[in-house]
Amino acid sequence: MESDTLDLLDQQLVHALQLNARAPFSRIAEVLGVSDQTVARRFTRLRGERRLRVLGLTDPEALGETRWLVRVRCTPDASAAVAEALTRREDTTWVSLTSGGTEISCMTRSHPEEDEHSLLLQRLPRTPSVVGVTAHCVIHTFFGGELSMVTKYGALDAGQIAALRLPRPARPSGPAPALDDADRRLLDVLAADGRAGLAELAAATGWSQSTVRRRMDELTDRGVLYFDLDSDWRMFGIRTCTMLWFSVDPARLAATGAALAEHHEVAYACATTGPTNLHAVVLTTDVRALYTYLTERIAALPGIGRMESAPIMRNIKGPGPLPTVPQAARRR
């Protein structure tokens, strides 16, 4: 590749898929003013280069699960091996090496009824070469999940966004829907490929295609299923990814978190338990831009006391399962 950065059409395609991940290529092409073949070719290239994946993911809160942001301190010679082991667990996402490779950060999720012997937090302290573990329970998300930083880059205009954006249904109250084995097979396929066709999903579940479509709509309406992108941020000119932890006056936590979520640089923001109570992941073009962001925009936020930062050296696992060798993109 001559350049990591995408042209405008590639960026518009990524934005379109973030708004409507399963939109037919013909619909996206109509909105972007190009041919179906052009959209399919661009998507195939991005996916084949492992720069873009469409994922169908489950929301842990909708399933009654708890998310934990875990920081693992290791001896330097063991951090890569521990990180690789964490990526192979089904309950982990966003496994990253930070702080010069001496610390691992990951997100994990658990259900109150889960066997405690399978819990990551029970096992990590007994892992050789792990010298410390800190776990922060995520108690509120200000930005993340189905909200993506892709939408902050403005590749599409207001008319194009309106033509592609799916309505967000009101989430019904009540307990999370029970998932059976067929549901889990459906979700497993979508987690690997959010654009998997109805025929493939029907074969995995044993349902008819109409039943697959109806169940996907039900799970989406209940907030259990949502679609996201796993993308290479370098295509937007991003070279620096940094984790931030803040101590914020509790009376100002909600307002500060909401203000942080509006920042162009913020890819994820949440309130947590622990010695710090606000966490963010920030993407900038380089370290100089990070310095400017910290000394100008962060410094202007109310209620922030102590701040800790850790550059991400390498993302080993993203929001979904580990990718396999990509198949030819489906043309729909």
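This section reports on the structure supplied with the text. Note that the structure is a prediction, hence the values are computed from the model and not measured.

Our next topic: the overall build of the protein. Within the protein one finds 11 helices and 10 strands. Considering the protein as a whole, with its 332 residues, one finds that 50% of them fall into the buried category. Excluding contacts between residues fewer than 6 apart, the proportion of contacts in the protein whose partners are at least 24 apart in sequence is 79%. For the protein, the exposed surface amounts to about 15900 Å²; the carbon and sulfur share of it is 53%.

Right, let's talk about the packing of helix α8 (residues 198–205) against helix α9 (residues 209–221) for a bit. Two elements in contact, α8 and α9, have axes separated by 9 Å at closest approach and are oriented at 95°. Comparing the axis directions of α8 and α9 gives the class roughly perpendicular. Residues Leu198, Ala199, Leu201, Ala202 and Thr205 of α8 form the contact with α9, whose own contacting residues are Gln209, Val212, Arg213 and Met216. Tallied by class, the residues present in the contact of α8 with α9 amount to six nonpolar, two polar and one charged.

This next bit is on the sheet that holds strand β3 (residues 92–98). A barrel is described by the order of its strands in space; here eight strands give the closed sequence β2-β4-β3-β10-β7-β9-β8-β5, paired in antiparallel fashion. Between one strand and the next, the sheet's axes are offset by a mean angle of 35°, whatever the strand orientation. Running over the sheet, helix α4 (residues 79–87) touches β2 (66–74), β3, β4 (103–110), β5 (130–143) and β10 (304–317) and is turned about 170° from β3. Contacting β5, β7 (240–248), β8 (266–272), β9 (278–284) and β10, helix α10 (residues 253–261) runs over the sheet at an angle of about 85° to β5.

Now for the nonpolar core. Counting residues in hydrophobic clusters, the biggest one holds 60 residues, and the most contacted among them are Val14, Leu17, Ile28 and Leu201. Per-element accounting of this core gives the leading share, six residues, to helix α1 (residues 8–19). In this structure, Leu201 is in contact with Arg22, Leu186, Val189, Leu190, Ala196, Val212 and Met216, ignoring residues within four places of it in sequence. Within the second largest apolar cluster, 19 residues are counted, among which are Phe143, Ala261, Val282 and Tyr293.

Moving on: the environment of Arg27. Positionally, Arg27 belongs in helix α2 (residues 25–32). The spacing of Arg27 and Ala16 is 11 residues in sequence and 10.0 Å in space, taken between C-alpha atoms. Once residues lying within four places of it in the same chain are set aside, the contact partners of Arg27 are Ala163 and Leu164. Polar side-chain contacts of Arg27 include one of 3.2 Å to the side chain of Glu30.

Once that is clear, we can look at unusual backbone geometry. We note that Arg50 has phi near 60°; this positive angle belongs to a residue other than glycine. The topology assignment puts Arg50 in the loop between α3 (36–48) and β1 (52–58). In this structure, Trp94 takes a positive phi of about 50° despite not being glycine. Topologically, Trp94 is positioned in strand β3.

Our focus in this paragraph is the environment of Thr98. With respect to the helices and strands, Thr98 occurs in strand β3. Classification of Thr98 by relative accessible area gives buried; the value is 0%. The spacing of Thr98 and Asn315 is 217 residues in sequence and 8.9 Å in space, taken between C-alpha atoms. When residues no more than four places from it in sequence are discounted, the contact partners of Thr98 are Glu103, Ser105, Met243, Ala310, Pro311, Ile312 and Met313.

So, on to the packing of aromatic side chains. In this description, an aromatic ring pair is defined by two values, namely the gap between the centres and the angle between the planes. Inspection of the entire model under this criterion finds four aromatic pairs. With 4.7 Å between their ring centres and 40° between their planes, Tyr153 and Phe236 make a pair best called tilted. Placement of Tyr153 in the loop between β5 and α6 (158–164) and of Phe236 in the loop between β6 (225–231) and β7 is noted, with a sequence separation of 83 residues between them. With relative accessibility at 22%, the residue Tyr153 sits in the partly exposed group.

As defined by bridge partners, β2 adjoins β5 across seven bridges and the pair is classed as antiparallel. Each residue of the ladder has a partner; that of Arg73, found in β5, is Gly132. Pairing of β5 with β8, which is carried by four bridges, proceeds in the antiparallel orientation. Its bridge partner lying in β8, Thr141 is registered against Cys270.

Residues of α10 that are buried include every one of Leu253, Thr256, Gly257, Leu260 and Ala261, and no others. Considered in projection along α10, the buried side chains sweep an arc of 135° and stay on one side of the axis. Exposed residues lying more than 90 degrees from the buried face of α10 are Ala254 and Ala255. Structurally, α10 contributes buried residues whose contacts are with β5, β7, β8, β9, α11 (287–298) and β10.

The rules behind each value
- Residues numbered from 1 in each chain as written.
- Predicted model: local features only at pLDDT ≥ 70, side-chain atom pairs only at ≥ 80, totals over all residues.
- Heavy atoms only, no water.
- Helix = DSSP H or I, 4+ residues; strand = E, 2+ residues; numbered from the N terminus.
- Buried < 20%, exposed > 50% of the residue type's maximum accessible area, 1.4 Å probe, protein only.
- Contact = heavy atoms within 4.5 Å.
- Areas by Shrake-Rupley, 256 points an atom, 1.4 Å probe, with all protein chains shown as cover.
- Axes fitted to C-alpha atoms, helices over the stretch in contact; angles between N-to-C directions.
- Parallel < 35°, antiparallel > 145°, perpendicular 65-115°, else oblique.
- Nonpolar A, V, L, I, M, F, W, Y, C, P; charged D, E, K, R; others polar.
- Pairing = 2+ DSSP bridges.
- Core = buried A, V, L, I, M, F, W, Y, C linked by side-chain atoms within 4.5 Å.
- Polar contact = N/O pair within 3.5 Å; in protein donor to acceptor, adjacent residues only side chain to side chain.
- Phe/Tyr/Trp six-rings, centres within 6.5 Å; stacked < 30°, edge-to-face > 60°.
- Arc of directions from axis to C-beta.

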